[in-house]
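Structural characterization, general
Listed here are the chains, written in short residue letters.
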Amino acid sequence: MNLYTKYKPEKKDERFILQTITMRWGKEVRGAPFSTARNNFQKAFQLPEALFSYSTSYGLPYHELLIVQDKKGIEIINQRTPILDPSQKSWRIGNIEIERTESEYLLTFNYSYDCGKPVRVDQFHHALVEKAFGLKANEYGRIVYNGRHIFQDTGEWYYELHIINVISTEDKNRDILIDKEPLKQYNQLGILF
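Since the structure is predicted, the reported quantities are computational estimates derived from the model, not experimental observations.

1. Details of the pattern of salt bridges
- Under the counting rule described, the total for this entry stands at four salt bridges.
- The salt bridge involving Arg80 is made with Glu64; its shortest N-O contact spans 2.3 Å. On the criterion of sequence distance, the pair formed by Arg80 in strand S4 (residues 73–80) and Glu64 in strand S3 (residues 63–70) is long-range, its members being 16 residues apart.
- Exposure remark for Glu64: the relative accessible area of 22% places this residue in the partly exposed category.

Right, dumping it as structure tokens:
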């Protein structure tokens, strides 16, 4: 397979916009008032210019943020712009699989141990695989899921909330995910104790 084969989107200016946000915190800030600050924290951020200036025929950049909360507050500690291979029909980011079809993007939640506790299973006690939603052009969707983890070196618990914002659009507004409300939402939120 030639990695440099150009993918030609159906509409010349349409872009697949993806933003992933991971918020992480420890046991010391698990309850109120810290949980109130987390719940009121923004769910979308301004997109970097690179998402609009990069040629989609060579790669599909997306926006990834890591946010940490401690007793001092909430801080964005890392932002980057990884690139998805445009020749692929599907991608996996965290516990979300994104499949590109002729007419839409299909998003599916696939539980794995990377998600953390509690374990999510279906009615047959298999790892949960559940369609979140499909997105057509100019539809905005958001997926939210969480998990409890253990630091291997200390044995301490920590928690993560994942937010995935997705839209396929011709709009080049860097605030598009902030200015609009999601049309479709999927939540896979377990009780974290």
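2. Concerning the packing of aromatic side chains
- One pass over the structure, following the stated rule, counts eight aromatic pairs.
- Aromatic pair Trp25 and Tyr159: ring centres 5.9 Å apart, planes at 20°, arrangement stacked. Separated by 134 residues along the polypeptide, Trp25 in strand S1 (residues 15–26) and Tyr159 in strand S11 (residues 157–169) bring together distant segments of the chain. Like Trp25, the residue Tyr159 is buried in the burial classification.
- Measuring from centroid to centroid gives 5.4 Å for Phe109 and Tyr145, while their planes differ by 65°, and the two rings are edge-to-face. Taken together, the residues Phe109 in strand S8 (residues 105–110) and Tyr145 in strand S10 (residues 140–150) connect sequence positions 36 residues apart.

About the criteria used
Residues numbered from 1 in each chain as written. Predicted model: local features only at pLDDT ≥ 70, side-chain atom pairs only at ≥ 80, totals over all residues. Heavy atoms only, no water. Salt bridge = Lys/Arg side-chain N within 4 Å of Asp/Glu carboxyl O. Helix = DSSP H or I, 4+ residues; strand = E, 2+ residues; numbered from the N terminus. Buried < 20%, exposed > 50% of the residue type's maximum accessible area, 1.4 Å probe, protein only. Phe/Tyr/Trp six-rings, centres within 6.5 Å; stacked < 30°, edge-to-face > 60°.

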